[in-house]
Each structure stands twice: as C-alpha cells, then as structure tokens.
Amino acid sequence: MIRIVLIRWLVCFAAVLILAGCGTVAHKNKSEQGGKLHDEVALKSLPSVAMPFAEPEAVQDQTLTPDIVYSILVAELAIQRNDLELAYSHYIYGASLSGDARAAQQATHIATSMRDMDRSVAAVEQWIALAPNALQARASAVMLYLQAEQRDAAFKHLLALVKISQALRQDGFMRAVAVVSRSGGPKLALQVMQRLADEFPNEQQAHYALALVAVATKQYAVAEKEIRSLLDSYPDKTKVYILLSNVLYSQGDAEGAEQVLQQVLAEDSENRLLLTAYARILMESKKFNLAYEQFQKIERQMPNDLDALYTLGILSIELQRFADARDYLQRLIDTGKGKRLGDATYFMGRTYEVKKQSDKAISWYEKVSSGDYVIEARTRIARLIALSGELNKARDMLQQMRVAMPHHAESLFLAEGEILQEMGLHKEVMAYCGDALAQYPDSQPLLYLRALSAASLNRLDVVEQDLTRILRQTPDHADALNALGYTLADQTDRYQEALEYIQRAFALKPDAAAILDSMGWVQYRLGHYAEALRYLRQAMDKMPDPEVAAHLGEVLWVSGAHEEAKKIWQSSAEQHPENSYLQDVMRRFNP
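As a starting point, this report considers the structure included with it. Given the structure is predicted, the values throughout are model-derived calculations rather than measurements.

### Quick look at the overall build of the protein
The secondary structure content of the protein amounts to 33 helices and zero strands. Split into buried and exposed, the 591 residues of the protein put 46% on the buried side. Here the contacts in the protein between residues at least 6 apart in sequence split such that 50% fall between residues at least 24 apart. In the structure as shown, the protein presents an accessible area of about 30,400 Å², 51% of it carried by carbon and sulfur atoms.

Structure (structure tokens):
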C-alpha cells in the first residue's frame, strides 16, 4: 500500500514539473490570444452586470495538489484510450478541485461528443461558473439549451453573450446570429432571437440580426418586416437593401427584388456590392444580357477582380460570345492566382470544343489540375478522342482512370456509356451498362442511360423496367417521368398513361425544354394539334434541337402548314446535317 502511494506521488511530482514548465508557455499563448476566451485586461473594465462571478485564477497560479494532477492525468490517458466516460468524470472532478475553467471546457466537449445532454449541460454550467465572461462557454450553453429545447435557459446565456461582447467592444448581435444559426431547431432559434430583439427595441443591429436569422430559417415574412423597418435608419444602407432584395427573391418576387436594387443603384450607381447583388439576381432570373452589362461595370471599376473576370467568362460562353469569353478567362489565368484558375482553364477548353477545335480543346483540358472540373476535363478529352475515331483509346483512358480513382468509378462508368450512346452504339451501351450496374445496382444515372438506349432499340421492356425502378426510389425524378411518358407516347398507344407521366414531370420542371417537347408530342398523339403546337413552339424557343424541330414540323405539316414545316426542317437540317431522326421525318412527309 505504501509503495502504491509512493508511486502515485512520484507520478504527480513529475506531472507537476511538466505542468509548471508548460505554465509559462500557456501564459504566453493566453496573452497572445487577446480576448478569445477571457482577456484579463479587458475583463477588469467590464461592468458588474457582465461579471456575476469573480474571474478564476489561472491554473499555474494555484497550488497543484496530488489529487488535481492525478485527476487530470487520468482524464488525459482516458482520452487517449477513447474511454470518454472516465475522461469526463475526471475532468469534471479536476475542475471542481482546481477551479480551472479549461478542465470544465474539456468535459463539455467530451459530453457533447458522447451526445449526453445531461452531462453536457452540467459541464457547461460549471465552465460558466468558473469563467462567466468566457464567450465560448456562453455560446456552447446557448447551443446546448436550444438543442434541449430549453428556451429560457438559452435566452439567458444569449443575453449574457451579447452583453459581454458589447463590454469587450465587439458586435454581440452578429455573434448571437452565428451561434443561433448553428443550433438547429429553426423555430426555437427564431423565437430566442425575437426575444433578444425585444430586449433591445432601439438597437438597430438587434433587429438586423433578427432579420438574418429569419432568412436563415426561411421565415421570410418576419425577415421582410424587420428589414423594412430599418430601410430609412440603418447606417449601412447597402446591406439592408441587398438583404431585402434576397428576401423578395426567395419569396418568388424576382421583379420586386430587381426593383429594390434598381432604386438604390439610382442613388449610388457605382456601388460595387449593389452592382454585384443586382447582377446575380439577374443571373438567377436568366437575364444574362443584363447581368453581363452589370459585371462589365464591375470589371471597369476593378479590372483585375478575379470573380468578375470569371463570371464574365462564363456569361460570355452562355451568350455565345466565345472570343470575349477567352479574353476574360485568359486574363484570369494570366494572374496565376485564385481558386478559379483550374475552372477557368476548363472553360477555355469548352470555348474551343464548342467551335469543334478539338486539338486546342484537348490542350486546355490537359492543363486542368485543380478546381471542380478535373474529372470532367479528363472525360471530355476521352470523348473528343472517341469522336475522332479512336474509340478504343478513349475507353482505355477511362478504364485507367477508374483504376486510379476508384472513388470516381461510377461517374467514369457513366461517362464511357454516354460516349457510346452519343456515337449511336446502343447495343454496346446496353451490354456495358449491364456490367456497370452489376457493380452499382442502384445507380440511377446508369439505369437512366440504359433506358434511353433501350428506347432507341425499341426495347420497351427494359425502358419500363429501368425507369420504374428509378421512380420507386425517387418518385419525383422529373427526367425519368418524362422519358417514360415520351417513350409510351412515341412507341405505344398508351397515350393517357403517357400523358400522366409527362404531366407529373411538367409540374416539377415547367420550363424544361425536353418536357415541353414531350408534352407537345403526347398532345399530338392524342389528336390535340393546337395544344401540341403551343408546347412545341415553347420547346423550340428554349432549345432549337433537331428532334424538337422534327416534331414541330410534323405537327405543322399534318395541320396543313406545309411551308412553315419545311422552313423549320430545312433551317434545322442546315445546322444539324447528320441528324438521322430529322432526316427520316423530312423524307417521310416531304420526299
């Protein structure tokens, strides 16, 4: 027994020496952090309301008893052995013996990782008792009490968080937004923030913070009310007008969102933040020409702004201004910096691919080594190689990529199947997808790909099997609904069933050109020529595709509008001379 006690004392003595040696470093680090947990200089000037308890002394200034050191050592060893319950109990015990808030903080983190709410609450309350002005402790308490749905306790600590922050000359309300937004339970979070705003009725920042939380929790009516109350008085007019615009857009009022920004831009036409917000709203509304003009204004203000150059490059591609796109993207690439370098390089390749300059496109794609399009660049190289007549080389390339990047194997299987499908090799697609689906049996993209090739081979059994399988997993899969409905309308006389599938797809994507085309086609099959023309014209406006042109021309022809039908067919044939579907329709109606 004496030997055990002696060994324990020797361990504690060694630990004391270690801790004493670390004390100077800890003290240095603490002073360098300047107010992160509790800045002692700042805290001396805090009003008494923010300091209900005395500030605890640092652990290195206390007497380290063997029990304190032993408890902390056991806790540390327990963490290393992943014995969280033992670690928690010894940190809590060590905190109570030493008065060290850091031990209580560790206990809080451990209990939280254990998902033990009772222990988490007990630990955070001990942490706050030992360090009442520690912002991190108050933030943890708010989050835990919100998760426990204890609104009053959450509000008490949120109010303390704001007051402590204000005493430290920090923005307590923005800190409150950050804490509440991470806490889950949007309804309760908004209620607590509403109560906080009521506590500070004349603080504009409190009501702006409430608006932000309302937006984060999708309570847009509450957000709009708070923002509108600030429009004439909030010091940062730009912020509130941009937030109001976003709220209106989120409620479906795109026109109102644009008007709000137009109104404030009339007074401050060179405000870069307003111009950027306005341009992005225009982009979301697909008003690409107007968005392009706004980003040009931003670029003129800041010619080397990387975000503006990148966005102008993408918009130029969308507007088919490929020379302009290359200019903007090249300027970005020439800077040699920014997170968009890889993406800009990829889109440079796209500008050449769309112009059928395959060698230049491949050259740019080969340079993509970072960003969101690394895999896409490699698969596009394979596609261009295949279309040049070297299909086996392209397939070998994709197979090697699957071996080298197994976590991307499914998407690479899909890319290879899409190349085969684009080349009209539908039997090969069927066989290939069968092998791929053996490895990824629930892959919806692979099932969808096989269904499309099955439709081209008139294999209705496979079409229905694969698409209904997708719809069992995802009943609102608009593309699967549309493909099944179109195939039934095109290859069977089950027109009413086809209409029901297409109507479901249309409800999900009313602006999708492919679905508008299908809706027009099934209406034609049902004998509703006027309705068919209405949908097909909309589809043609959105996507002047040769298959859409074939459908529209056919309905026009059977409706007696032969000259208009021929004009549409001929115009599409000039742009797509090798499209076999269009050629077949033209020969059938106009030999």
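### A look at the pattern of salt bridges
According to the stated counting rule, one finds 29 salt bridges in the structure shown. With a closest N to O distance of 2.3 Å, Asp305 and Arg272 form a salt bridge. One end of the pair, Asp305, is in the loop between helix H16 (288-301) and helix H17 (306-318); the other, Arg272, is in helix H15 (residues 272-284), and 33 residues separate them in sequence. The class of Asp305 is buried, set by a relative accessible area of 12%. What makes Arg272 partly exposed here is its relative accessible area of 28%. Arg340 serves as the salt-bridge partner of Asp343, at 3.3 Å between the closest nitrogen and oxygen. Looking at Asp343, the relative accessible area reads 2%, which means it is buried. Members of the salt-bridge network, linked through shared partners, are Arg350, Glu353, Glu376, Arg380, Arg383 and Glu422.

### A word on helix H27 (residues 478-491)
With 14 residues, H27 should cover 20 Å at 1.5 Å per step; its first-to-last C-alpha distance of 20 Å lies within 8% of that length. For H27, the tally of buried residues reaches eleven of 14 residues, placing the bulk of the element in the interior. Those residues of H27 that sit buried are Ala478, Ala480, Leu481, Asn482, Ala483, Leu484, Gly485, Tyr486, Thr487, Leu488 and Ala489. Packing partners of the buried residues in H27 comprise helix H25 (444-456), helix H26 (460-473), helix H28 (495-508), helix H29 (513-525), helix H31 (546-558) and helix H33 (580-589).

Rules used throughout
Here, residues in each chain are numbered from 1, in the same order as that chain's written sequence. Side-chain atom pairs in this predicted model are given and counted only at pLDDT of 80 or more, local residue features only at pLDDT of at least 70, and totals for whole chains, interfaces and linings cover all residues. Only hydrogens and water are removed before side-chain values are computed, so all heavy atoms of the structure are retained for them. Only DSSP runs of H or I covering at least 4 residues are called helices, and only runs of E covering at least 2 are called strands; the numbering of each starts at the N terminus. Three exposure classes are used, based on accessible area relative to the maximum for each residue type with a 1.4 Å probe and protein chains only: buried under 20%, partly exposed in between, and exposed over 50%. Contact between two residues is taken to exist if any of their heavy atoms lie within 4.5 Å; hydrogens are not considered. Only the protein chains shown count as cover for residues, with accessible areas throughout obtained via the Shrake-Rupley method and a probe of 1.4 Å. Salt bridge, as used here: a side-chain nitrogen of Lys or Arg that lies within 4 Å of a carboxyl oxygen of Asp or Glu. Here the expected length of a helix is defined as 1.5 Å per residue gap, with one fewer gap than residues.

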